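Here are the chains, one letter per residue:
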Amino acid sequence: QVQLVESGGGLVQAGGSLRLSCAASGRTVSAYVMGWFRQAPGKEREFVAAITRIFDNTHYADSVKGRFTISRDNVKNTLNLQMNSLKPEDTSVYYCAAGSVVNNKPANYDYWGQGTQVTVSS
């Protein structure tokens, strides 16, 4: 079992950057496939990025490729999401998640944080 807590959300102007972090406790982030998802009001939760347990292979949604970077810090036991060139359509609640297999569907992740709000103004 692992507990996840996101932080780093906030208000940023379009074109700006934010760095989200997900602090894990109970287990190390290296024990899981880790992913970031986001959900805006009235929309389904959508996949953003994922990173594998051992080889740190990364996967990104087409909408964020080239702008977002997912990484894990095994020393600090955190999952991070560097978000650059932010757009208003990136506005959402961002969630970190842990699972056993790389997948872009929320149902395939076992543990979730409470989410952190990201708002991008034009």
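Quick summary incoming for the structure in this document. Computed from a prediction, not measured in an experiment: that's the story for all the values here. (Residues numbered from 1 in each chain as written. Predicted model: local features only at pLDDT ≥ 70, side-chain atom pairs only at ≥ 80, totals over all residues. Heavy atoms only, no water.)

**Overview of the side chain of Ser 92**
Along the chain, Ser 92 falls in strand 9 (residues 92–99). The exposure class of Ser 92 is buried, given its relative accessible area of 3%. Ignoring sequence-local partners within four residues, the contact set of Ser 92 consists of Arg 38, Gln 39, Ala 40, Thr 116, Gln 117 and Val 118. (Helix = DSSP H or I, 4+ residues; strand = E, 2+ residues; numbered from the N terminus. Buried < 20%, exposed > 50% of the residue type's maximum accessible area, 1.4 Å probe, protein only. Contact = heavy atoms within 4.5 Å.)

**Details of the pattern of salt bridges**
One pass over the structure, following the stated rule, counts five salt bridges. Arg 38 is the partner of Glu 46 in a salt bridge, and the nearest nitrogen-oxygen pair spans 2.7 Å. Among the residues examined, Glu 46 registers a relative accessible area of 36% and is labelled partly exposed. Classification of Arg 38 as buried rests on a relative accessible area of 5%. In this structure, Lys 65 engages Asp 62 in a salt bridge whose closest nitrogen and oxygen atoms are separated by 3.1 Å. Using a relative accessible area of 65% as the deciding quantity, one classes Asp 62 as exposed. (Salt bridge = Lys/Arg side-chain N within 4 Å of Asp/Glu carboxyl O.)

**Remarks on the state of the cysteines**
The tally for this structure, following the rule as stated, stands at one disulfide. Residue Cys 22 pairs covalently with Cys 96 via a disulfide, S to S 2.0 Å. With the S-S dihedral at roughly 55°, the linkage between Cys 22 and Cys 96 falls on the right-handed side. You can see Cys 22 sitting in strand 3 (residues 18–25) and its partner Cys 96 sitting in strand 9, a full 74 residues away along the chain. Across the pair, exposure class does not vary: Cys 22 and Cys 96 are buried alike. (Disulfide = S-S within 2.5 Å.)

**Side note on the packing of aromatic side chains**
Scanning the model with the defined rule gives five aromatic pairs in all. With a centroid separation of 5.8 Å and 75° between ring planes, the pair formed by Tyr 32 and Tyr 111 is classed as edge-to-face. Taken together, the positions of Tyr 32 in the loop between strand 3 and strand 4 (33–39) and Tyr 111 in strand 10 (residues 111–112) put the pair 79 residues apart, joining distant regions of the chain. For the pair Tyr 109 and Trp 112, a centre-to-centre distance of 6.3 Å together with 65° between the ring planes defines the contact as edge-to-face. Taking relative accessible area as the criterion, Tyr 109 reaches 4% and is therefore assigned buried. According to the relative accessible area criterion, Trp 112 is partly exposed, its value standing at 25%. (Phe/Tyr/Trp six-rings, centres within 6.5 Å; stacked < 30°, edge-to-face > 60°.)

**Topic: the nonpolar core**
Ranked by size, the top nonpolar core spans 33 residues in total, and within it Trp 36, Leu 81, Met 83 and Tyr 94 carry the most contacts. Secondary structure elements with two or more residues in this core: strand 3, strand 4, strand 5 (46–51), strand 7 (68–73), strand 8 (78–83), strand 9 and strand 11 (116–121). Excluding anything up to four places from it in sequence, Met 83 contacts Gly 16, Ser 17, Leu 18, Leu 20, Arg 67, Phe 68, Tyr 94 and Val 118. (Core = buried A, V, L, I, M, F, W, Y, C linked by side-chain atoms within 4.5 Å.)

**Thoughts on unusual backbone geometry**
Phi is mostly negative for residues that are not glycine, and the peptide bonds are mostly trans. The backbone of Asn 77 sits at a positive phi, close to 60°, despite the residue not being glycine. The residue Asn 77 is located in the loop between strand 7 and strand 8 in this model. Positive phi, close to 50°, is recorded for Ser 85, a residue that is not glycine. Along the chain, Ser 85 turns up in the loop between strand 8 and strand 9.

Note that every value here comes from positions in space, so none of it alone points to a role or purpose.
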